[in-house]
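Structure at a glance
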Amino acid sequence: MGKMPWTYSGDPSTSEKDALRFLIGDTDPDDPLLSDSEVEFLINRMRDVDLAAAEAAYSLAGRYSRMADKSVGDLSISLSQKAAAFLERLFAPSSPVCR
């Protein structure tokens, strides 16, 4: 799979796309979570950046919940923890889902 288009200015006040990326923690260009087109889709679909960020967290929780935890010797990768972290963010008291 080729590299997906991903941009972030570092200033979430400059665009809804950057605001959504900031809200879900998708600010590392070396570890992108959503493509620009996926972010734009969510913003257009939800018509509200906070709700789009909540939908993104739900989507990412689903993505990581389908991936298995892996262990080899002393090394382990717990993708289920990533899924749980996105669900916790989605249902946090400050989340637009819980307001």
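**Describing a nonpolar patch on the surface**
Taken together, the side chains of Tyr58, Leu87 and Phe91 define a hydrophobic patch exposed on the protein surface, amounting to about 330 Å² of accessible area. Among the secondary structure elements, Leu87 is positioned in helix H4 (residues 79-90).

**Some details on the side chain of Asp26**
Within the secondary structure, Asp26 sits in the loop between helix H1 (16-24) and helix H2 (36-46). A polar contact of 2.8 Å, which involves the side chain of Asp26, links it to the backbone nitrogen of Leu33. Within polar-contact distance, the side chain of Asp26 engages the backbone nitrogen of Leu34 at 3.1 Å. Apart from the residues within four sequence positions on either side, Asp26 is in contact with Trp6, Arg21, Asp31, Pro32, Leu33 and Leu34.

**Let's talk about the nonpolar core**
Looking at soluble globular proteins, one finds that nonpolar side chains tend to be buried together. Of all hydrophobic cores here, the largest spans 21 residues; its most connected members are Leu20, Ile24, Leu34, Ala56, Leu60, Tyr64 and Phe86. Put simply, the parts of the chain that give this core at least two residues each are H1, H2, helix H3 (49-65) and H4. It is H3 that contributes the most residues to this core, nine residues altogether.

**Some points on the confidence of the model for the protein chain**
Atomic detail in the predicted coordinates should be set aside for any region of low pLDDT. Mean pLDDT for the protein chain: 88, with 95% of residues reaching 70 or above. Confidence, read as mean pLDDT per element, is least for H4 in the protein chain (79) and greatest for H2 (97).

**Quick notes on H2**
Within H2 the residues assigned to the buried category are Asp36, Val39, Leu42 and Ile43. In a view along the axis of H2, the buried residues occupy a sector of 130°, so they form one face of it. Exposed residues on H2 whose side chains face more than 90 degrees from its buried face are Ser37, Phe41 and Asn44. The secondary structure elements touched by the buried residues of H2 are H1 and H3. Two residues or fewer past H2, Arg47 is found with a positive phi of approximately 60°.

**Remarks on the side chain of Lys17**
Secondary-structure assignment places Lys17 in helix H1. Those residues in contact with Lys17 that lie beyond four places of it in its chain are Thr7, Tyr8, Asp36, Val39, Glu40 and Ile43.

**Things to note about the packing of H1 against H3**
One can describe the packing of H1 onto H3 by two numbers: an axis separation of 9 Å at closest approach and a directional angle of 50°. With respect to H3, the element H1 is oriented oblique. With respect to the hand of their crossing, H1 and H3 are arranged in right-handed fashion. Where H1 abuts H3, its residues Glu16, Ala19, Leu20, Leu23 and Ile24 lie against Val49, Asp50, Ala52, Ala53, Ala56, Ala57 and Leu60. Partitioning the contact of H1 with H3 into residue classes produces ten nonpolar, no polar and two charged.

Reading the values: rules and limits
Residue numbers run consecutively from 1 along every chain, following the written order of its sequence. For this predicted model, a pLDDT threshold of at least 70 governs which residues receive local features, and a threshold of 80 or more governs which side-chain atom pairs are given and counted, while totals over whole chains, interfaces and linings are taken from all residues. Based on all heavy atoms of the structure, the side-chain values leave hydrogens and waters out of the count. Like-charged residues are merged into a patch within 9 Å and nonpolar side chains (Val, Leu, Ile, Met, Phe, Trp, Tyr) within 5 Å, provided each residue has over 30% relative accessible area and no salt bridge. To measure how exposed things are, a 1.4 Å probe is used in the Shrake-Rupley method; for residues, cover is taken only from the protein chains shown. We define a salt bridge as a side-chain nitrogen of Lys or Arg found within 4 Å of a carboxyl oxygen belonging to Asp or Glu. Each helix is a run of DSSP H or I of at least 4 residues and each strand a run of E of at least 2, with the numbering of both proceeding from the N terminus. Identification of polar contacts relies on pairs of N or O atoms within 3.5 Å, with a donor-acceptor requirement for protein atoms, meaning one able to donate a hydrogen and the other able to accept it, and with residues adjacent in sequence counted only if both atoms are side-chain atoms. Here, residues are in contact when the closest pair of their heavy atoms is within 4.5 Å. In this text, buried Ala, Val, Leu, Ile, Met, Phe, Trp, Tyr and Cys residues form a nonpolar core when linked through side-chain atoms within 4.5 Å. Working definition: with a 1.4 Å probe on protein chains only, accessible area under 20% of the residue-type maximum means buried, over 50% means exposed, and in between means partly exposed. A residue's pLDDT is the predictor's confidence in that residue, given on a scale from 0 to 100. To be clear, the arc concerns the directions from the helix axis to the C-beta atoms. All axes here are fitted lines through C-alpha atoms, helices being fitted over the stretch that makes contact, and every angle between N-to-C directions spans 0 to 180 degrees. In this scheme, roughly parallel covers angles under 35 degrees and roughly antiparallel covers those over 145, while 65 to 115 is roughly perpendicular and the rest are oblique. Each helix crossing is assigned a hand: it is left-handed if the near helix lies turned anticlockwise from the far helix by less than a right angle, otherwise right-handed if that turn is clockwise. Here the nonpolar group is Ala, Val, Leu, Ile, Met, Phe, Trp, Tyr, Cys and Pro; Asp, Glu, Lys and Arg are the charged ones; every other residue, Gly included, is treated as polar.

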